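Examining the three-dimensional arrangement
One-letter residues, chain by chain:
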Amino acid sequence: MSTKLDTTPKHDGFRMPGEHEPQEQVWLAWPIRGDNWRESGKPAQQAFVAVATAIAQSTAVTVVVLASHYDIARQSLNEDIRVLERPYNDCWMRDIGATYVVNNKGERRAVSWQFNAWGGDVDGLYSPWDLDDAMAINMATITGDDYYQAPLFLEGGSIHCDGEGTLYTTEECLLHPSRNPDLSKQDIEALLADYVNIEKVIWLKDGLFNDETNGHIDNILHVIRPGVVALTWCDDKNDPQYAISRAAYKVLSETTDAKGRTIEIIKLPLPGPLYMSATESQGIQQTDTMERHAGDRLAASYANFLISNQCVIFPLLDTKTDPQAQQILAAAFPQQRLIGVPAREILLGGGNIHCITQQVPK
C-alpha cells in the first residue's frame with residue numbers, strides 16, 4: 001500500500017537523486033494512440049521494445065500496457081521485462097510517472113505532479129488526460145512507496161536534477177501560461193525547493209526549437225553528473241536553434257551550481273534538421289490539437305538519452321551526426337556502456353528516449 005503524505009520531501013529530509021545514481025527499475029508505457037503514433041503505434045512499439053531491451057541489460061524494466069494490447073506487448077518483450085496492465089492516455093512515462101525522492105537512510109518516496117497534457121485548455125495536446133494524471137500515484141502504489149501530491153502542474157521532462165541541490169529547467173515551459181499562470185517564478189522555485197529539495201534553480205530561457213512540450217529541459221540539456229551537463233549545440237547561424245543554444249550556453253557558463261562549481265558544458269551536435277515525411281504523416285489520425293504534418297520540423301536531440309546504472313541509452317537519429325554524438329557521449333561516460341537505439345519513430349511522436357522512460361531509484 002502507499003499512503004498520501006501531508007508534509008513535503010524537504011521537510012522530511014528527502015531529495016531527488018540524479019539520474020547517474022543507482023536505479024532499481026525503469027518504467028515505460030506501450031504506445032498505441034493513433035493521433036500521435038503512426039499506424040496506431042506499430043512502428044513505435046518496435047522502437048520502445050529496443051529501448052526496453054537495452055535498459056534491461058543493466059536495470060529491471062516494467063512496461064505498462066492497456067488490457068487490449070497486453071498480448072502483443074508480452075509477446076514483443078523479453079521474458080525478463082515485467083508487463084503490467086494499467087490505464088493511461090498516452091505513453092510519455094517521464095511526464096506522467098512519479099518523480100522519486102530518497103533520504104540518507106535508504107528510504108524512498110514518490111512525488112505526484114499535476115498533469116494537463118502539456119497545456120490543458122490553453123494548448124494541451126489531447127483530452128482527456130485524467131488517466132495520465134493518475135499514473136504517478138498508480139506507479140507509487142506498485143513500487144510500494146508513500147507519495148506527496150505537489151500543488152504544481154509540471155512534467156518530469158521539464159526538470160533535471162543533479163542530486164546535489166541544483167535543478168535545471170526552462171522559462172519557456174515552467175513559466176508558460178498553460179501550466180501555473182497564478183504562480184510567479186519565485187513561487188515555482190519555492191515549490192521546487194519543497195518537493196524535490198533543491199537549493200538552486202538554473203533557468204534556461206528556451207528549450208529546443210519547435211518542441212511541442214513548450215521547451216522541456218530534457219530535450220536540450222542533460223545532467224551528466226554534478227557540475228557537468230550536455231547541451232544541444234548548433235553551428236548554423238541560419239537555424240533558429242543557433243541563438244537558443246548560445247543563449248543557454250551563456251546562462252550556464254556565467255553561473256555556478258548549488259555547490260559553487262563552475263559548470264562544465266559538453267556540446268552535442270544537432271541532428272538534421274529533420275522533418276516529417278509525407279508517408280509518416282499519412283499514417284496519423286489528424287486532430288486539431290496535435291499537429292502532425294508532412295514537412296514539420298522534428299524536435300530532434302541527442303540530449304534526450306537515459307542514464308541507467310551501467311548503461312547510457314541514446315537515440316540514433318541521423319547517420320551524418322550519430323557517430324560524432326556517440327564519440328562525445330562515450331568520452332563523457334567512460335565507465336558506462338553506451339547503447340545507441342534507432343529512435344526516429346519515437347521522435348515522430350514528439351519526444352525521445354528520456355521522455356518515454358522514468359527511473360525508480362534504489
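What you see is a predicted model, and the numbers here were worked out from it, not measured in a lab. (Residues numbered from 1 in each chain as written. Predicted model: local features only at pLDDT ≥ 70, side-chain atom pairs only at ≥ 80, totals over all residues. Heavy atoms only, no water.)

**As for the overall build of the protein**
Stated formally: Secondary structure elements are defined from DSSP: runs of H or I of at least 4 residues count as helices, runs of E of at least 2 residues count as strands, and each element is numbered from the N terminus. A radius of gyration in this sense is built from C-alpha atoms; the matching globule rule multiplies 2.2 Å by the number of residues raised to 0.38. We call a residue buried when its accessible area falls under 20% of the maximum for its residue type, exposed when it is over 50%, and partly exposed in between, using a 1.4 Å probe and counting protein chains only. All accessible areas in this document rest on Shrake-Rupley with a 1.4 Å probe, and a residue is counted as covered only by the protein chains that are shown. The charge count includes Lys and Arg as positive and Asp and Glu as negative, but it does not include His or the ends of the chains. Lys charges are placed at NZ, Arg charges at CZ, Asp charges at CG and Glu charges at CD.
A count of helical and extended segments in the protein gives 13 helices and 17 strands. Against the compact-globule benchmark of 21 Å for 362 residues, the protein has a radius of gyration of 19 Å, which places it among compact chains. Counting only C-alpha atoms, the protein reaches 50 × 50 × 45 Å along its principal axes. Relative to its 362 residues, the protein shows a buried fraction of 60%. When the accessible area of the protein is evaluated, it comes to approximately 13,900 Å², of which 48% is carbon and sulfur surface. Side chains of the protein carry 30 positive and 48 negative charges; the gap between the two charge centres is 5 Å.

**Re the sheet that holds strand β6 (residues 108-114)**
Selection criterion: We treat two strands as partners when DSSP finds at least two bridges between them. Note on definitions: a residue-residue contact is assigned when non-hydrogen atoms from the two residues lie within 4.5 Å. In this analysis an axis means a line fitted to C-alpha atoms, helices contributing only their contacting stretch, and an angle means the value between N-to-C directions, from 0 to 180 degrees.
With respect to topology, four strands assemble into an open sheet ordered β1-β7-β6-β5, the strand pairing being mixed. Every other strand in the sheet has two partners, leaving β1 (4-5) and β5 (99-102) as the edge strands with one partner each. By the bridge criterion, four bridges tie β6 to strand β7 (residues 147-153) in an arrangement that is parallel. Paired with Q114 across the two strands is F153, which belongs to β7. Together, β5, β6 and β7 form the strand contacts of helix α7 (residues 135-143), whose direction differs from that of β6 by roughly 165°.

**Examining the sheet that holds strand β9 (residues 166-170)**
Spatially, three strands are ordered β8-β9-β10 in an open sheet, and the strand pairing comes out mixed. Of all strands in the sheet, those bounded by a partner on one side alone are β8 (160-161) and β10 (200-204). Two elements, β9 and β10, share five bridges in a ladder whose sense is parallel. Across the sheet, the residue bridging to T166 is K200, located in β10.

**A look at unusual backbone geometry**
The general pattern is negative phi for most residues beyond glycine and trans for most peptide bonds. Cis geometry marks the peptide bond from S127 to P128; its omega dihedral reads -5°. Position of P128 among the secondary structure elements: in the loop between α5 (120-123) and α6 (130-133). Residue P273 follows G272 across a cis peptide bond; omega there is 10°. The phi torsion at N197 lies on the positive side, around 60°, for a residue other than glycine.

**Side note on α7**
Quick reminder: α-helices carry 3.6 residues per turn. Residues three or four places apart thus point the same way. Test applied: It is the directions from the helix axis to the C-beta atoms whose arc is reported.
Listed in full, the buried residues belonging to α7 are M135, A136, M139, A140 and T143. The buried residues of α7 occupy an angular sector of 135° when the element is viewed end-on, so they sit on one face.

**Side note on the pattern of salt bridges**
Short version of the rule: Whenever a carboxyl oxygen of Asp or Glu lies within 4 Å of a side-chain nitrogen of Lys or Arg, that contact is scored as a salt bridge.
As enumerated under the stated definition, the model contains 19 salt bridges in all. With a closest N to O distance of 3.0 Å, D12 and R109 form a salt bridge. Taken together, the residues D12 in helix α1 (residues 9-12) and R109 in strand β6 connect sequence positions 97 residues apart. One salt bridge in this structure joins R108 and E24, with 3.1 Å as the shortest N-O distance. One end of the pair, R108, is in strand β6; the other, E24, is in strand β2 (residues 23-29), with 84 residues separating them in the sequence. What emerges from the salt-bridge pattern is a single network uniting D162, E164, D257 and R261.

**What to know about the packing of aromatic side chains**
Worth spelling out the cut-off: Classification of ring pairs rests on two measures: the distance between centres of Phe, Tyr or Trp rings, Trp counted by its six-membered ring, which must be within 6.5 Å, and the angle between planes, read as stacked under 30 degrees, edge-to-face over 60 and tilted in between. The rule is short: NZ of Lys or CZ of Arg within 6 Å of the ring centre and within 35 degrees of the ring normal puts a charge over the ring.
Summed over all chains, the structure comprises six aromatic pairs. Joined through ring pairs, the aromatic side chains of W37, F48 and W92 make up one cluster. Over the aromatic face of Y126 sits the side chain of R33, whose NZ or CZ is 4.3 Å from the ring centroid. The ring of Y249 is capped by K267, whose NZ or CZ atom sits 5.0 Å from the centre of that ring.

**Remarks on the pairing of β5**
Here β5 shows two buried faces, one formed by T99 and V101 and the other by Y100 and V102. Sheet topology note: the β5/β6 ladder contains four bridges and is antiparallel. Each residue of the ladder has a partner; that of Y100, found in β6, is A110. Here β5 folds back onto β6, and the loop between the two strands holds five residues, one of which, G106, carries a positive phi near 80°.

**Remarks on the environment of L338**
One can find L338 in strand β16 (residues 337-342). Apart from residues lying up to four places away in sequence, L338 is in contact with V312, F314, Q326, L329 and A330.

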